[in-house]
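Breakdown of the fold
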Amino acid sequence: MGNIRKQTIISSLLIYVGFLIGALNMYMYTRTGTGSFLLEQYAITRIFFDFSQIMLAFGSLGIIPVIYKFYPYYSDNLEKEKIDIISWALLLSLLGILFVLLIGYYGKPLFIRKYSEKSGLLINYYVWLFPCFIGLLFFSITESLSWALHKSVLSNFLKETLMR
């Protein structure tokens, strides 16, 4: 069996397992009366992910597509020890984190003013948006590196199974 076919089959199985885990989690967290979370608590987990995705768009400073696009060029034209694109990605990501943290610090009054009326729970956990964003940023860099190294099974396992 070819390598691509084998990776596709394994990735498909991992995606189905992740789907089942996600469905089970959603059922366990939100079932009426005996669920682990109240509806508002479950909703804030979704809001955290959505806000983290928005912050990721700014905080990554465009480095994730750079890894996809230029890693093959680096690996074809440089010795393995001299490939520094991941170091640059991490450095730019740290700058992006500082950028988002500064915006978050100075934008907190505006955020509170906009969301305090309808989302008091989100205001209470405002500071936890930033660790969630940082984790998602480093996860996305790891995922892009996995794809660049043609380790799609690892990437699919991380994203579709482990995250659930």
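You'll find the structure just up there.
All values derive from a computational prediction rather than experimental measurement.

Overview of helix α2 (residues 39-59)
Here α2 spans 30 Å end to end across 21 residues, near enough to the 30 Å set by a 1.5 Å rise per residue. Turning to α2, its buried residues are Y42, I44, F48, F51, S52, M55, L56 and G59. Downstream of α2 by one or two residues, L61 has phi in the positive range, about 55°.

Structural notes on the packing of α2 against helix α6 (residues 129-148)
Interhelical geometry of α2 versus α6 gives an angle of 60° and a closest axis separation of 8 Å. Classified by the angle between their axes, α2 and α6 sit oblique to one another. Crossing of α2 against α6: the hand is right-handed. Along the contact surface, α2 presents F48, F49, F51, S52, Q53, M55, L56 and G59, while α6 presents L129, F130, C132, F133, L136, L137 and S140. Of the residues assigned to the contact of α2 with α6, the class counts are 11 nonpolar, 4 polar and no charged.

Calculation notes
- Residues numbered from 1 in each chain as written.
- Predicted model: local features only at pLDDT ≥ 70, side-chain atom pairs only at ≥ 80, totals over all residues.
- Heavy atoms only, no water.
- Helix = DSSP H or I, 4+ residues; strand = E, 2+ residues; numbered from the N terminus.
- Expected span 1.5 Å × (residues − 1).
- Buried < 20%, exposed > 50% of the residue type's maximum accessible area, 1.4 Å probe, protein only.
- Axes fitted to C-alpha atoms, helices over the stretch in contact; angles between N-to-C directions.
- Parallel < 35°, antiparallel > 145°, perpendicular 65-115°, else oblique.
- Left-handed = near helix turned anticlockwise from the far one by under 90°.
- Contact = heavy atoms within 4.5 Å.
- Nonpolar A, V, L, I, M, F, W, Y, C, P; charged D, E, K, R; others polar.

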